[in-house]
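Here is how the chains run, residue by residue.
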Amino acid sequence: MNYQGVEEHIVAWLKDYLNQSGLQGFIIGISGGIDSAVTSTLCAKTGAPVICLNMPIRQKREHYRLAAAHISDLEQKFPNVSSFEIELSSVFSHFENALPKDVASDQLSMANSRSRLRMMTLYAIGQTNRLLVAGTGNKVEDFGVGFYTKYGDGGVDLSPIADLMKTQVYTLGEHMGVIDAILNSPPTDGLWEDDRTDEDQIGATYPELEWAMEFNENGQTMNLSERQKEVLNIYKKLNTINKHKMVEIPVCFIPEQLK
Ligand SMILES: NC(=O)c1ccc[n+]([C@@H]2O[C@H](COP(=O)([O-])OP(=O)(O)OC[C@H]3O[C@@H](n4cnc5c(N)ncnc54)[C@H](O)[C@@H]3O)[C@@H](O)[C@H]2O)c1
Ligand SMILES: Nc1ncnc2c1ncn2[C@@H]1O[C@H](COP(=O)(O)O)[C@@H](O)[C@H]1O
Ligand SMILES: O=P(O)(O)OP(=O)(O)O
């Protein structure tokens, strides 16, 4: 892949969309992971105003530090980048306390609620400052395994890196000078009370999932190893149960004779 060409293409695409939208710039949540680091760097390169938000929710110290280090690096390199830190832990605790006990103790529901609280915050600050919310999803997460929160980190205005596989996002990040600490840290959604990585949750690495996505799309026939069969099963299962995130919302159309 021609990474310089890809960088220039995405930056031009962002500028073009921004011009057509009539808004002023971009806002992005920064987690300390590679996707938000690359997306924010691409947005910064448009020269338009960019706000980076660090939004800890009972965050692991290490994730918080990585996000802060990336934001500081970007602010030093680009005068059009500014940032806020919005501590959401107490808001999240109030929300938890307002919910029925069985919901508040449902870890998956609460993990996704963290993501939705961040989405709400991005749109609040974005609207006041006339900014587009930039999405950070990549191709294998968004269109392969659907590994994101519906209307959480999936609730965005535009998706600059959604046609790049996760491994390509890493290489683009390296090409654009994203800090080593982020390039070297394992992907994690940081939505849980423990330290689980994406690989722990999914049961396969991103390179394995990318292989499965391509294999599945190309309809190849070959002898598969036991591990390849296992990975393909994981991929197909997630792709199927999360299909609803990859298609348009079903609309109940009213037949003409009933109108
Ligand atoms: N990028 C990341 O690494 C990242 C970011 C956020 C979340 N995550 C992970 O992604 C996962 C998200 O969990 P999830 O997918 O269960 O939550 P989700 O909220 O994204 O999707 C589940 C919801 O979708 C709806 N739904 C389910 N089946 C449907 C169907 N057939 N048709 C229409 N709607 C349907 C229901 O409202 C259900 O509650 C978690 O494991 C979380 O840790 C990863
Ligand atoms: N702590 C965070 N602060 C700001 N934005 C965040 C934070 N954690 C996550 N985000 C945003 O959500 C997406 C997806 O995050 P995952 O870590 O992959 O779940 C991330 O790219 C940020 O934009
Ligand atoms: O979306 P991010 O930036 O949190 O990246 P990752 O999922 O690799 O942690």
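Worth saying up front: this structure is predicted, and the values here are computed from it rather than measured.

Asker: I would appreciate a short explanation of the packing of helix H2 (residues 34-44) against helix H8 (residues 166-175) in the present structure.
Answerer: Relative placement of two packed helices is described by the angle separating their axes and the distance separating the axes. Axis separation between H2 and H8 bottoms out at 9 Å; the angle between their running directions is 50 degrees. Viewed along their axes, H2 and H8 adopt a mutual orientation that is oblique. Relative to H8, the crossing made by H2 is left-handed. Two secondary-structure elements touch here, H2 through Ile-34, Asp-35, Val-38 and Leu-42 and H8 through Lys-166, Val-169, Tyr-170, Leu-172 and Gly-173. Here the residues of the contact of H2 with H8 are counted per class, giving six nonpolar, one polar and two charged.

Asker: Quick question: what am I supposed to make of the site of ligand 1 here?
Answerer: Residues in close proximity to ligand 1 total 17 residues, the closest being Arg-116, Lys-150, Asp-189, Gln-201 and Lys-245. Between an oxygen atom of ligand 1 and a side-chain N or O atom of Arg-116, the distance comes to 2.7 Å. Protein chains shield 63% of the accessible area of ligand 1, which is 870 Å² for the free molecule. Elements with a minimum of two residues in the shell around ligand 1: helix H6 (107-128) and helix H10 (198-202). The element that contributes the greatest number of residues to the shell around ligand 1 is H6, accounting for three residues. Considered class by class, the residues forming the shell around ligand 1 number five nonpolar, five polar and seven charged.

Asker: Looking at this structure, how should I read the pairing of strand E3 (residues 81-85)?
Answerer: Successive residues of a regular strand alternate their side chains across the two faces of the sheet. As paired strands, strand E2 (residues 50-54) and E3 are joined by five bridges and run parallel to one another. Directly across from Ile-51, in E3, lies its bridge partner Ser-82. Where the polypeptide runs from E2 across helix H3 (residues 61-77) and back to E3, its parallel neighbour, the crossover connection is right-handed.

Asker: Would you mind showing me how to read the UniProt feature "domain: NAD/GMP synthase" (unreviewed entry) in the protein here?
Answerer: UniProt's entry tags residues 8-245 with the feature "domain: NAD/GMP synthase" (unreviewed entry), counted in the numbering of this structure. What you have in residues 8-245 is 56% helix and 8% strand, and the ends, taken at the C-alpha atoms, are 29 Å apart.

Asker: Help me understand helix H12 (residues 226-241) in this model?
Answerer: Along an α-helix, residues three or four apart share an orientation, since each turn contains 3.6 residues. The first and last C-alpha atoms of H12 sit 23 Å apart over 16 residues, in line with the 22 Å expected at 1.5 Å per residue. Looking at H12, one finds that the buried residues are Val-231, Leu-232, Ile-234, Tyr-235, Leu-238 and Asn-239. Down the axis of H12, the buried side of the element spans an arc of 160 degrees, and every buried residue falls inside it. The outward face of H12, more than 90 degrees from its buried face, is lined by the exposed residues Glu-226, Asn-233, Lys-237, Thr-240 and Ile-241.

Asker: What is the right way to read the pairing of strand E1 (residues 25-29) from this model?
Answerer: E1 sits mainly inside the fold: four of its five residues count as buried. Sheet topology note: the E1/strand E4 (residues 131-133) ladder contains three bridges and is parallel. Note on E4: the bridge partner recorded for Ile-27 is Val-133. Taken together, the four bridges between E1 and E2 define a ladder with parallel strand orientation. Of the residues in E2, the one forming a bridge with Ile-28 is Cys-52. Note that the unit made of E1, H2 and E2 has a crossover that is right-handed.

Asker: What am I meant to see in the confidence of the model for the protein here?
Answerer: As a note on interpretation, predicted positions should not be read in detail where pLDDT is low. The predicted model of the protein averages 96 in pLDDT, with 100% of residues at 70 or higher. Of the two predicted TM-score estimates for the complex, the pTM is 0.96 and the ipTM is 0.97.

Asker: Looking at this model, I keep getting lost on the sheet that holds E2. Mind explaining?
Answerer: Sheet strands pair by backbone hydrogen bonding; their relative direction is either parallel or antiparallel. Read from one edge to the other, the open sheet built from four strands follows the order E3-E2-E1-E4, with strand pairing classed as parallel. Taken across any chain shown, the strands that pair with only one partner, and hence form the sheet edges, are E3 and E4. Neighbour-to-neighbour, the strand axes of the sheet open up by a mean angle of 25 degrees, direction not taken into account. Sitting on the sheet, H2 touches E1, E2 and E3, and the angle it makes with E1 is about 165 degrees.

Asker: What's the story with the site of ligand 2 in this structure? I'm lost.
Answerer: By nearness alone, 13 residues border ligand 2, and Gly-29, Ile-30, Met-55, Thr-136 and Asp-189 come closest of all. In this structure, an oxygen atom belonging to ligand 2 sits 3.2 Å away from a main-chain N or O atom of Thr-188. Asp-189 has a polar backbone atom sitting 3.1 Å from an oxygen atom of ligand 2. Its free accessible area being 470 Å², ligand 2 has 89% of it covered by the protein chains.

Reading the values: the criteria
- Residues numbered from 1 in each chain as written.
- Chains lettered and ligands numbered in written order.
- Predicted model: local features only at pLDDT ≥ 70, side-chain atom pairs only at ≥ 80, totals over all residues.
- Heavy atoms only, no water.
- Axes fitted to C-alpha atoms, helices over the stretch in contact; angles between N-to-C directions.
- Helix = DSSP H or I, 4+ residues; strand = E, 2+ residues; numbered from the N terminus.
- Parallel < 35°, antiparallel > 145°, perpendicular 65-115°, else oblique.
- Left-handed = near helix turned anticlockwise from the far one by under 90°.
- Contact = heavy atoms within 4.5 Å.
- Nonpolar A, V, L, I, M, F, W, Y, C, P; charged D, E, K, R; others polar.
- Near = heavy atom within 4 Å.
- Polar contact = N/O pair within 3.5 Å; in protein donor to acceptor, adjacent residues only side chain to side chain.
- Areas by Shrake-Rupley, 256 points an atom, 1.4 Å probe, with all protein chains shown as cover.
- Pairing = 2+ DSSP bridges.
- Right-handed = clockwise from strand over helix to strand, strands pointing away.
- UniProt positions renumbered as here; feature names shortened; annotations may be inferred.
- Expected span 1.5 Å × (residues − 1).
- Buried < 20%, exposed > 50% of the residue type's maximum accessible area, 1.4 Å probe, protein only.
- Arc of directions from axis to C-beta.
- pLDDT = per-residue confidence, 0-100.

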